[in-house]
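# Report on the structure
Listed below, chain by chain, are the residues.
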Amino acid sequence: MYARRRARFVESMEPESVAVLFGEEVMLRNRDTEHRFRQDSNVWYLTGLEEPQVVCLFVRPAEGDGELILFVEPRDATKECWTGPMVGLEGATAVYGADVAASIAELTPILAERMGNMATLYYRLGDHEARDRLVLDALRRVRGMARQNISAPTTIIDPTPILHEMRLIKDTDEIACLRRACALSADGHREAMRVAQVGMFEYEVEGFLEGYYRRGGARRNAFEPIVAAGPNATVLHYTKNDRRIAAGDLLLIDAGAEVDYYCGDITRTFPVGGRFSDEQRAIYQLVLDAQKAAIAVVRPGLPWDGVHQAALEVLVDGLIALGLLGGTREEALESGSYKAYYMHKTGHWLGLDVHDVGEYGKPGAWRELEPGMVLTVEPGLYIAPGSEADERYHGIGVRIEDNLLVTEDGGEVLTGGVPKEIDEIEAWVLGAPLS
Ligand code: GLY
Ligand code: MN
Ligand code: MN
């Protein structure tokens, strides 16, 4: 599958071009202690190689097949003694399918050599100063070869739009990974709803979920989990997760497993004690109705914003009916008054990155959904303690999030099996089996 993706990428490049893609580096956490390494998503997508300090150089000649030169750290017995086996130059060709392997120390001269007589350089400038310097240094070297009758590229193109467009439409291998990530994420959420108890700290539930995901084969969380009890649920990116859960609290959990580098991203909100209060029930039902309305419109051809609009209309009508918003639907949509309680959009692309790559449209026009896209649908309502709403609703935060694959004729929910109807949730939290 990696070779197939590489072939498609190279075919999309201009004839007589090279493309340079840097892998991720090890990030220090403090002093000499490192964060766990995660490969750059584009490099993972094209190679499946999980090692720091790698660079991919793709060469697309005027005619004939393209080539991948993979720069890696050469194997080093002392280093292997401390941190384990390395891919090395042998592995780069034998295991990872590179046409040529080279030491990362040779990057600048080989880059300069391969850029010679090429018209176009694909490289994303501006993300990383040291890499920019290295690539521009190689370019300068080629420009210095004019008297040897070697020309340098005159065009520099960002390669990520090609890769991001490819990544936006998931191939069958990616869909299989996403199904696994979503299923494990869903199983963890379902169990966490039972594990959470009044008197526990939010981080205990977080710890349970993380352990569940790791035991299920996840390498890591897809993002920092949000485990937000009571008023913490009204903070959109709450990650402190250190409150003791109180009687009467709703618990909002937004978490997902990362499996084979692909992310699940689910939110559920439930009463830890097993019963919604009247106010919690009203807000929850409204968000659920909005989420179902948004899921129902997912199909090929729908402009991206259609999902958000479907949720928004239900939310605005409901907020007006509850007396939380004044005026008409049209007035609320026009003025944006609903943003006091719903301040984010209804979803995002999902894949190797939780907020995955791919354009949402061009200025003035949202892009249309296509089979193979994967998105989240996640409306919410957040009534902060200091808000202007009737005090009865203060401190209620609800979000419901599922992940969908756009199919030929609709949308398939990949994150089923986690209760979200009110009756279902109350029964499940209190110990009844799922129907
Ligand atoms: N957890 C981040 C999001 O739902 O987008
Ligand atoms: Mn989420
Ligand atoms: Mn999300």
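Data block above holds the structure.
Rules behind the numbers
- Residues numbered from 1 in each chain as written.
- Chains lettered and ligands numbered in written order.
- Predicted model: local features only at pLDDT ≥ 70, side-chain atom pairs only at ≥ 80, totals over all residues.
- Heavy atoms only, no water.
- Donors = N, O, S within 2.8 Å, 3.2 Å for Na, K, Ca; no water.
- Helix = DSSP H or I, 4+ residues; strand = E, 2+ residues; numbered from the N terminus.
- Salt bridge = Lys/Arg side-chain N within 4 Å of Asp/Glu carboxyl O.
- Buried < 20%, exposed > 50% of the residue type's maximum accessible area, 1.4 Å probe, protein only.
- Tetrahedral: all angles 85-135°; square planar, octahedral: opposite > 155°, others 65-115°.
- Near = heavy atom within 4 Å.
- Polar contact = N/O pair within 3.5 Å; in protein donor to acceptor, adjacent residues only side chain to side chain.
- Areas by Shrake-Rupley, 256 points an atom, 1.4 Å probe, with all protein chains shown as cover.
- Nonpolar A, V, L, I, M, F, W, Y, C, P; charged D, E, K, R; others polar.
- Expected span 1.5 Å × (residues − 1).
- Pairing = 2+ DSSP bridges.
- Core = buried A, V, L, I, M, F, W, Y, C linked by side-chain atoms within 4.5 Å.
- Contact = heavy atoms within 4.5 Å.

Take the coordination of the manganese ion (ligand 2) next. Around the manganese ion (ligand 2), the protein supplies Asp254 (OD), Asp254 (OD), Asp265 (OD) and Glu401 (OE) as donor atoms, at distances of 2.0 to 2.5 Å. Along the chain, the residues donating to the manganese ion (ligand 2) are arranged with the sequence spacing D-x10-D-x135-E. Here the manganese ion (ligand 2) and the manganese ion (ligand 3) are spaced 3.2 Å apart, with Asp265 acting as a shared donor. Taken together, the residues span a long stretch of sequence, with Asp254 in strand 11 (residues 250-255) and Glu401 in the loop between strand 19 (396-399) and strand 20 (402-406) at a distance of 147 residues.

Two side chains of opposite charge can pair, provided their charged atoms sit close to one another. Enumeration over the complete set of coordinates arrives at 36 salt bridges. With a shortest N-O distance of 2.8 Å, Glu359 and Lys362 are connected by a salt bridge. According to the relative accessible area criterion, Glu359 is partly exposed, its value standing at 39%. Residues joined by salt bridges that share partners form a network here, namely Arg38, Glu50, Arg220 and Glu258.

A few words now on the coordination of the manganese ion (ligand 3). Ideal geometry at a metal centre: 109.5 degrees between donors when four sit tetrahedrally, and 90 or 180 degrees when six sit octahedrally. For the manganese ion (ligand 3), every protein donor is listed as Asp265 (OD), His348 (NE2), Glu378 (OE) and Glu401 (OE), and the spread of their distances is 2.1 to 2.2 Å. Each of the 6 donor atoms bound to the manganese ion (ligand 3) contributes to angles spanning 52 to 156 degrees, and the resulting shape is irregular. All donors to the manganese ion (ligand 3) come from one chain, and their sequence spacing reads D-x82-H-x29-E-x22-E. We classify Asp265 as buried; its relative accessible area is 3%. Given a relative accessible area of 8%, His348 falls into the buried group.

Before going further, it helps to spend a moment on the site of ligand 1. In the neighbourhood of ligand 1, the contacting residues comprise Phe223, Asp254, Asp265, His348, His355, Glu378 and Glu401. One nitrogen or oxygen atom from the side chain of His348 is found 2.9 Å from an oxygen atom belonging to ligand 1. In the model, an oxygen atom of ligand 1 is placed 3.1 Å from a nitrogen or oxygen of the Glu378 side chain. Within the complex, the protein chains bury 89% of what would otherwise be the 190 Å² of accessible surface of ligand 1. Broken down by class, the residue content of the shell around ligand 1 amounts to 1 nonpolar, 2 polar and 4 charged.

The next subject is the environment of Val95. Within the fold, Val95 resides in the loop between helix 4 (88-94) and strand 6 (100-103). Along the primary structure Val95 and Arg219 are separated by 124 residues, whereas in three dimensions their C-alpha atoms are 21 Å apart.

Relative to the 34 Å expected for 24 residues at 1.5 Å per residue, helix 8 (residues 172-195) spans 35 Å between its end C-alpha atoms, a close match to the ideal helical length. Where helix 8 begins, the side chain of Asp171 points an oxygen toward the backbone nitrogen of Asp173, at a separation of 3.2 Å.

A few words now on the sheet that holds strand 9 (residues 220-221). Backbone hydrogen bonds are what pair the strands of a sheet, in a parallel or an antiparallel way. Taken together, the 3 strands give an open sheet; going across it, the order is 9-12-13, and neighbouring strands pair in antiparallel fashion. A single partner strand is all that each edge strand has here, and the edge strands are strand 9 and strand 13 (262-263). Bridge count between strand 9 and strand 12 (residues 257-259): 2 bridges; the pairing is antiparallel. Bridge pairing links Asn221 to Ala257 in strand 12.

The next subject is the nonpolar core. One broad rule of soluble globular proteins: the nonpolar side chains tend to lie buried together. Core analysis: the biggest nonpolar cluster contains 68 residues, and Val205, Leu251, Ile253, Phe270, Leu369, Leu375 and Leu381 have the highest contact counts within it. Looking at this core element by element, the count peaks at 8 residues for helix 10 (residues 278-297). Once residues within four sequence positions are removed from consideration, Leu381 is found in contact with Ile283, Leu286, Val287, Leu315, Leu319, Tyr341, Tyr342, Ile396, Gly397 and Val398. Core analysis: the second largest hydrophobic core is formed by 38 residues, Val43, Leu46, Val87 and Tyr262 among them.

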